[in-house]
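This is what each chain is made of:
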Amino acid sequence: MENGRTTLSTSGNLTPMLPSLTRDPEQLDGKLLFAIPKKGRLYEPSVALLQSCDLKYRRKHRLDVAGCLTLNVAFVFLPAADIPLYVSQGRVDLGITGQDVVAEAQVDVDEVLRLDFGKCRLCVQVPTASECQKAEDLAGKRVITSFPNLTRQFFKTKCPNGDAATVHFVSGSVEVACCLGLGEGIVDLVESGDTMRAAGLHAIDEILKSEAVLIANKNSQHQDLVKVISSRVEGAIIAKRYVMVEYNLRREDLPKAIQVAPGKRSPTLAPLDDPDWVAVKVMVPNHDLGNILDSLKAVGALDIVVYNLSNTRP
Ligand code: AMP
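Bear in mind the structure is a predicted one, so any value in this text is a computation, not a measurement. (Residues numbered from 1 in each chain as written. Predicted model: local features only at pLDDT ≥ 70, side-chain atom pairs only at ≥ 80, totals over all residues. Heavy atoms only, no water.)

**Student:** Before we move on, can you summarise the nonpolar core with the specific residues and values?
**Tutor:** The nonpolar side chains of a soluble globular protein tend to be buried with one another. The biggest cluster of nonpolar side chains holds 28 residues, and the ones touching the most others in it are Phe34, Leu49, Leu55, Val73, Phe75, Leu115 and Ile229. Where this core is concerned, the elements lending two or more residues are strand S1 (32–37), helix H1 (43–52), strand S3 (73–78), strand S4 (94–98), strand S11 (212–216) and helix H6 (223–241). Broken down by element, this core gets its largest block of residues, 6 residues, from H6. Non-local contacts of Leu49, meaning those with residues more than four positions away in its chain, are made with Ile96, Leu115, Phe117, Val233, Ala236 and Ile237. Judged by nonpolar contacts, the second largest core, of 18 residues, contains Val101, Cys159, Ala165 and Val187. (Core = buried A, V, L, I, M, F, W, Y, C linked by side-chain atoms within 4.5 Å. Buried < 20%, exposed > 50% of the residue type's maximum accessible area, 1.4 Å probe, protein only. Helix = DSSP H or I, 4+ residues; strand = E, 2+ residues; numbered from the N terminus. Contact = heavy atoms within 4.5 Å.)

So, in structure tokens, the structure goes:
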């Protein structure tokens, strides 16, 4: 015990002393530690992603750590905004969090993969009736945000002659700051824009685009396991992004069909009994599926069948 807290030995290069993890310390010993957002917008999609990668765990009630049932891994549930710091210091090996909080934390971590969820933009916003039309108009005014580092950096480059905005930190509900008189503008995340519009605000500039990412400590002692997990996660993301399309086609129409749907690497061809015809199997991005099927049809594809992918491995 140290200061009344159990010291846990972990896979990382440092020894964490996390009070909420002390009830079952054996669970961490020698394992790769993987930080998952414990609540908020990133929690559910992160847990769903783990499930689709067969990274199963049993989490006891109110416990912030859970051993993985399939790999030598323990999941640690932490606030999304704190995960970059834990990963950069090697307190955990891997983490899922937003690019926005990684940039705000100003730490050095490996961005291993973009995860295709938690997409948003960090925007400068002012009341719709404000005379400020662009970020530079907020020079000398008060800007309220939960992202003080990114906001100060942004206004320093926008107003290089010294008269940048004064930046004040609040921990949440940033959108109410202007109507309560705390500031003339805010910097906050925007997804659909509904919250911003409901608060009588509009965006006048964008600081960055963000989505959820898998990040890794650069010196993790579990590089092999990091690679295994990254490959599983990548496979699960591809499975969500693509569908498998099969169709029959006259051989002479193949060049046109391959132009329409070239596949991830290349389509698979199988001969039909009729030598003039071929069966084609190809992965197609599902965001544009309707147009691609229409175009395949137009170049002569027949008997088109579409399958969902439950998993892939790159
Ligand atoms: P949390 O505050 O725990 O809900 O996590 C917030 C994280 O979710 C942010 O750091 C972003 O990466 C992501 N996110 C995506 N869309 C939004 C949004 N509209 N507002 C806030 N966070 C968002």
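**Student:** Account for the packing of aromatic side chains, with residues named and values stated.
**Tutor:** Inspection of the entire model under this criterion finds 4 aromatic pairs. A ring pair is formed by Tyr57 and Phe77, whose centres lie 5.7 Å apart and whose planes are at 55°; its orientation type is tilted. A residue pair is termed long-range when its members are at least 10 positions apart, and Tyr57 in the loop between H1 and strand S2 (65–67) and Phe77 in strand S3 qualify at 20 residues. A network of ring pairs unites the aromatic residues Phe34, Tyr57, Phe75 and Phe77 as a single cluster. Above the ring of Phe77, the side-chain terminus of Arg59 is found at 3.8 Å from the ring centroid. (Phe/Tyr/Trp six-rings, centres within 6.5 Å; stacked < 30°, edge-to-face > 60°. Lys NZ or Arg CZ within 6 Å of the ring centre and 35° of its normal.)

**Student:** Tell me what's going on with the site of the ligand, and back it up with residues and numbers.
**Tutor:** Around the ligand, the surrounding shell consists of Lys39, Gly40, Arg41, Leu42, Gly98, Asp100, Val101, Gly118, Cys120, Leu189 and Glu191. Here Arg41 contributes a backbone N or O atom positioned 2.9 Å from an oxygen atom of the ligand. At a separation of 2.7 Å, an oxygen atom of the ligand approaches a polar side-chain atom of Asp100. Computed on the free molecule, the ligand has an accessible area of 490 Å², of which 76% lies beneath the protein chains in the complex. (Near = heavy atom within 4 Å. Polar contact = N/O pair within 3.5 Å; in protein donor to acceptor, adjacent residues only side chain to side chain. Areas by Shrake-Rupley, 256 points an atom, 1.4 Å probe, with all protein chains shown as cover.)

**Student:** Which residues make up H6, and what values do they have?
**Tutor:** Taking 1.5 Å of rise per residue, the 19 residues of H6 would be expected to cover 27 Å, and the 27 Å separating its terminal C-alpha atoms lies within 8% of that figure. The complete set of buried residues in H6 reads Leu225, Val226, Ile229, Ser230, Arg232, Val233, Gly235, Ala236, Ile237, Ile238 and Ala239. (Expected span 1.5 Å × (residues − 1).)

**Student:** I'd love a proper account of the domain arrangement of the protein chain, names of residues and values included.
**Tutor:** Each assigned domain of the protein chain is listed with its residue range as follows: domain 1 (6–117 + 212–221), domain 2 (120–210) and domain 3 (242–308). Tallying the contact residues gives 8 residues for domain 1 and 10 residues for domain 2. Roughly 750 Å² of surface becomes buried between domain 1 and domain 2 when both sides are summed, with 43% attributable to carbon and sulfur atoms. Of all residues in domain 1, Asp100, Glu104 and Gln106 bury the most surface against domain 2, accounting for 67% of the area lost on that side. For the interface between domain 1 and domain 2, the tally reads 1 salt bridge. For Arg41, the salt bridge goes to Glu191, with nearest N and O atoms at 2.9 Å. The tally of links between domain 1 and domain 2 comes to 5 residue pairs in polar contact (both at pLDDT 80 or more). Of all the elements, helix H3 (residues 99–105) adds the most residues to the side of domain 1 that touches domain 2, at 5 residues. For the side of domain 1 that touches domain 2, the residue count by class is 2 nonpolar, 3 polar and 3 charged. (Domains from an automatic or database assignment. Buried area = accessible area lost by both parts, 1.4 Å probe. Salt bridge = Lys/Arg side-chain N within 4 Å of Asp/Glu carboxyl O. Nonpolar A, V, L, I, M, F, W, Y, C, P; charged D, E, K, R; others polar.)

**Student:** So what about the sheet that holds S2? Which residues, and what values?
**Tutor:** Overall, mixed pairing links the 6 strands, which are arranged S2-S3-S1-S4-S11-S5 in an open sheet. Both edges of this open sheet fall to S2 and strand S5 (110–114), since each of them pairs with a single strand only. Sheet twist, expressed as the average angle between the axes of neighbouring strands with direction ignored, equals 25°. Alignment of S1 against S4, held across 2 bridges, turns out to be parallel. Pairing of Ala35 across the sheet is with Gly95, part of S4. Seen against the sheet, H1 touches S1, S3 and S4 and runs at an angle of roughly 140° to S1. Lying over the sheet, H6 contacts S1, S3, S4, S5 and S11, oriented at roughly 30° with respect to S5. (Pairing = 2+ DSSP bridges. Axes fitted to C-alpha atoms, helices over the stretch in contact; angles between N-to-C directions.)

**Student:** Any details on the pattern of salt bridges? Residues and values, ideally.
**Tutor:** Under the counting rule described, the total for this entry stands at 16 salt bridges. Here the salt bridges do not stand alone but share partners, grouping Lys38, Arg59 and Asp64 into one network.

**Student:** With reference to specific residues and values, describe the environment of Val124.
**Tutor:** With respect to the helices, strands and loops of the structure, Val124 is situated in strand S6 (residues 120–127). Here Val124 is in contact with Leu138, Phe154, Phe155, Ile186, Val187, His202, Ala203, Ile204, Asp205 and Ile207, once residues within four sequence places are set aside.

**Student:** How would you explain H1 if you had to name every residue and give the values?
**Tutor:** Two residues of an α-helix separated by three or four positions point the same way, owing to the 3.6 residues in each turn. For H1, the complete set of buried residues consists of Ser46, Val47, Leu49 and Leu50. The buried residues of H1 occupy one face: seen down the axis, they fall within an arc of 155°. Opposite the buried face of H1, at more than 90 degrees from it, the exposed residues are Glu44 and Gln51. Looking at the residues trailing H1, positive phi occurs at Asp54, about 60°. (Arc of directions from axis to C-beta.)

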